[in-house]
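# Working through the structure, step by step
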Amino acid sequence: MKKKLAMLLVFTVAISMLAACGSKSTDNKGTAEGVTAIEFWTANNPPQQAYWESLAKEYETVNPKIKINVSPMKETPSSEANIQSAIAGGSAPTLSENISRGFAAQLTNSKALVPLNTMAGWDDIIAGRKMTNTIESWKFSDDNQYVLPISSNAMLFGWRLDILKELGYNEPPKTYSEMLDVAKKLKVKYPDKYVWAKADLADPAAWKRWFDFFMLYNAASDGNKFIEGGKFVADDKAGIATLGLMDNLRKENSLLAENITDPFENGVGIFTDIGPWTLNYWAERFPELKYNETYTLAAPPVPDDVKVDHPKTFADTKGIVIYASAPKEKQEAAMEFMKWVYSDAKHDLQWFEKTNMPPARDDLSTNDVFKAFLDQNPALKKYAEAVPYAVPPMDNAKFNELQTFIGQEAVNPVVRGQIDPTTGWNNMKKAIEEALK
Amino acid sequence: METKNNNKLGWLFASPYLIYGFVFFLGPLIWSLYLAFTNWDLIAPNYDFVGFSNFIKAFKNPAVQSSFWVTYKFMMVFVPLVTAASLAVAMIVQGLPKLKSVFLIGFFLPYLSSGVVSSLIVKGLLSYNSPVNAFLRDNFGIKINWLGTPFTALMIVALIIAWKFAGYYALILTSGLESIDKEVYEAAAIDGVSRRQRFWTITLPLLYPAIYTTLILSFGVTFGIFTEVYQLTGGGPNYATNTWQMEIYNQAFKNLQAGYASAIAIIAAIVTFISIFVIKKLLEMWGKRNGWV
């Protein structure tokens, strides 16, 4: 009897252990009593989560037949890895936000996303949200739309205006030679300061190239694509000029690519990429930084021979996707929810107010709904104005590998002074072309 | 009949671990072997068998080649460092008149600390504008790009991991030291044997089983380095700290190439197995040659 009891105990423990390790599928629950429950993963960012939770609650009162379970996506080790694991494990949500175009391309390549333009209601969203022009650049190479962009953060460069004024400048330099003049003057007055102090310049991580290389390259090439239809189509001259700027700054001892804490905020560097999300962070941590007093915002500098009124820049854009693994009924419910959200510009205003990230719509700087908010926030107005000149990331499924090559073969060795810009560009081009074969 | 029943009961009692081992170790290993011969990313509905091409690609990849060498470089720095540190801690604690366990717990705490947190603290300490670097620059004119230089980046990662594991290994060594009969030392002291001679002729031989254990464990650690590298250097500069785990992570979760990442993981497992086997044999030869086992 004792033996039988012991056996039963061991068996129960073993089964319990295994059961505890199992994960519950979050998206395969059926419809209960005519209510369709959908899972919505938001970015792991409290303001964004709060925004979606409040909209979901509001929507449930408008349409009680759809229940939206909002939860933040895990970020350890990365949100992309968690989404990939969830899809592989059959526990993917119905929809999620914070998806970049590059990652969407990877997921699309694996047929994990629903082409949104094939769903009923897509055209209503585009027309209702007034985003016909914005959405055009989001089209994937198969002519489908897989991501509904929420925000379009046209990245700008911040300049320490207080230090520029000490050097005799009232506005940021616009061309590379003007920038090098600033570097020379800065070193004379402040030998310990740098024009560009940024550790990421020496880091090969793919996403980091969006905030250094692509900002400058898009401006230098006037938005010429980098990869198109699986082919390397970058503008060689603009690319070499971009690397040349980094190299020249290094030669002037004005570029610091080392691990450094808040270099721009502490005044060790006077030039850095700034996204609109940084403004909230500064308001809390560095209240002494005031727009148009301590710092200002500007489009990327361009090579001397590039004559453009509005230099292009990089658009850090994130959007919503619907997963192909979700049952059709849930996909449709998700579309209904999106349609409701984007039928009212006030929802976009709430987003803008909560996150500081400009909604991806064509009428941002002209729609009266946003006027008062933009008037109160002149720095954000600058971002809103730059939206039409911002180029979204490439839509190649190998974007991570390709952008790692930009760092490893070109940007990183150039900023370390190991190779010249032309060699770096050619090495990078060779590696990318090889990977695209 | 009694023996047969006992055998059944034995299997039954072992079953939780066996099931756990199958589900979390053997199963994934077999699955990984299967994946290594495909081009699957775990998401796509369709995939192809690609034979050995993932393995061939891995052997040609400079990042994979660097992972191979970087592991041995870490080994050369980390193993002597952690062995010396843990031995020193164990001997100092052993010599304390009281509060031994309090000090041992103190040294053991880093082992429980999060690798992410300790890495971030070190990152802050070594940043360009940290007090450490400001002091070096202002007083000695020394400018060191700690995490941007291959040699220093590797040393720093090895140091953090050694700091983390030294207390844990010290526990093992302390229990080894505790098991050495005090009378042996007393007899040696009466015979006029110096402290240094006592260490080499009594402590080291009698501590050999514990040292053997810590050495095998520490060699094993070098094949699994990830968190510190991920947080501090991302495998750079120039692949100088690109470990096996880092490369597997990059391929599986950044490039979404699960099949290729599995091939690298299989290669890493084979390299680890062979290396540990050789190291184990060398350590046993060392013990036998000196008559310690």
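The numbering scheme is per chain: residues are counted from 1 as the chain's sequence reads. Written order decides the labels, with chains lettered from A and ligands numbered from 1. In keeping with the predicted nature of the model, local features appear solely for residues at pLDDT of at least 70, side-chain atom pairs appear and are counted solely at 80 or more, and the whole-chain, interface and lining totals rest on all residues. As a convention, hydrogens and water are excluded, and side-chain values are obtained from all of the structure's heavy atoms.

## Side note on the UniProt feature "transmembrane region" (unreviewed entry) in chain B
UniProt positions are given in the numbering used here, feature names are shortened, and annotations may be inferred rather than shown by experiment. UniProt feature "transmembrane region" (unreviewed entry): in the numbering of this structure it lies at residues 12-37, 74-93, 102-126, 146-172, 206-226 and 258-279 of chain B. Helix and strand assignments come from DSSP, with helices taken as H or I runs of at least 4 residues and strands as E runs of at least 2, each series counted from the N terminus. Span residues 146-172 of chain B is 85% helix and 0% strand, its end C-alpha atoms 32 Å apart.

## Remarks on the domain arrangement of chain A
Residues and elements named next belong to chain A. Segmenting chain A into domains produces domain 1 (36-154 + 315-391) and domain 2 (156-314 + 406-421). Its C-alpha centre places domain 1 at a distance of 29 Å from the equivalent point of domain 2. Residue contacts are defined here by distance: any two heavy atoms, one from each residue, within 4.5 Å place the two residues in contact. Between domain 1 and domain 2, the contact holds 19 residues from the first and 19 residues from the second. Of all residues in domain 1, Y383, Y389 and V391 bury the most surface against domain 2, accounting for 37% of the area lost on that side. We define a polar contact as two N or O atoms separated by no more than 3.5 Å, with the added condition that, inside protein, one atom must be a possible hydrogen donor and the other a possible acceptor, whereas residues neighbouring each other in sequence contribute only through side-chain atom pairs. Where domain 1 touches domain 2, the interface holds five residue pairs in polar contact (both at pLDDT 80 or more). Elements with a contribution of two residues or more to the side of domain 1 that touches domain 2: β4 (148-154), β12 (313-322), α14 (345-355), α16 (378-386) and β13 (390-391). Looking at side-chain class alone, the side of domain 1 that touches domain 2 contains twelve nonpolar, four polar and three charged residues. A domain assignment, automatic or from a database, supplies the domain bounds used here. By definition, the buried area sums, over both parts, the 1.4 Å-probe accessible area that each loses when the two are put together. Under the scheme applied here, ten amino acids are nonpolar (Ala, Val, Leu, Ile, Met, Phe, Trp, Tyr, Cys and Pro), four are charged (Asp, Glu, Lys and Arg), and all others, including Gly, are polar.

## Brief notes about the pairing of strand β2 (residues 66-72) of chain A
Residue and element names in this part refer to chain A. Between any two strands, pairing holds if DSSP finds at least two bridges. Bridging between strand β1 (residues 36-42) and β2 involves seven bridges; their strand directions are parallel. Opposite F40, over in β2, you have V70 as the bridge partner. For crossovers, right-handed means that the path from the first strand over the helix to the second runs clockwise, given strands pointing away from the viewer. Handedness of the β1-helix α2 (residues 46-62)-β2 crossover: right-handed.

## Some thoughts on the pattern of salt bridges
A side chain of one charge can pair with a side chain of the opposite charge when the charged atoms of the two come close. Residues and elements named next belong to chain A. Salt bridge, as used here: a side-chain nitrogen of Lys or Arg that lies within 4 Å of a carboxyl oxygen of Asp or Glu. Counted according to the given criterion, the structure contains 27 salt bridges over all chains. For K225, the salt bridge identified is with E228, shortest N-O distance 3.6 Å. Relative accessible area decides the class of each residue, using a 1.4 Å probe on protein chains only: under 20% of the type maximum gives buried, over 50% gives exposed, and in between gives partly exposed. The exposure class assigned to K225 is partly exposed, which follows from its relative accessible area of 47%. R361 is the salt-bridge partner of D348, the closest N and O atoms lying 2.9 Å from each other. Pair noted here: D348 is in helix α14 and R361 is in the loop between α14 and α15 (368-376), with a separation of 13 residues, a long-range link. The class for D348 is buried, based on a relative accessible area of 1%. Accessibility expressed as a relative area gives 3% for R361, which makes it buried. Connected through shared salt-bridge partners, R129, D348, R361 and D363 make up one network.

## Observations concerning the interface of chain B and chain A
How big an interface is tends to be reported as the loss of accessible area on association of its parts. Contact residues are listed per partner, giving 38 residues for chain B and 36 residues for chain A. Summed over both partners, the interface of chain B with chain A comes to about 3,200 Å²; 58% of that surface belongs to carbon and sulfur atoms. Summed over the shared surface of chain B and chain A, the number is zero salt bridges. Elements represented by at least two residues in the side of chain B that touches chain A include exactly α1 (2-36) and α11 (244-254) of chain B. Counting residues per element, the side of chain B that touches chain A draws most heavily on α1(B), at twelve residues.

## Thoughts on the sheet that holds strand β9 (residues 255-256) of chain A
Residue and element names in this part refer to chain A. An order of β9-β6-β10-β5-β11 is seen for the five strands of this open sheet, with the pairing classed as mixed. Two strands close off the open sheet at either side, each with one partner strand: β9 and β11 (295-298). Here strand β5 (residues 156-160) runs beside β11; their pairing, made up of four bridges, is antiparallel. Note that in β11 the partner of R160 across the bridge is Y295.

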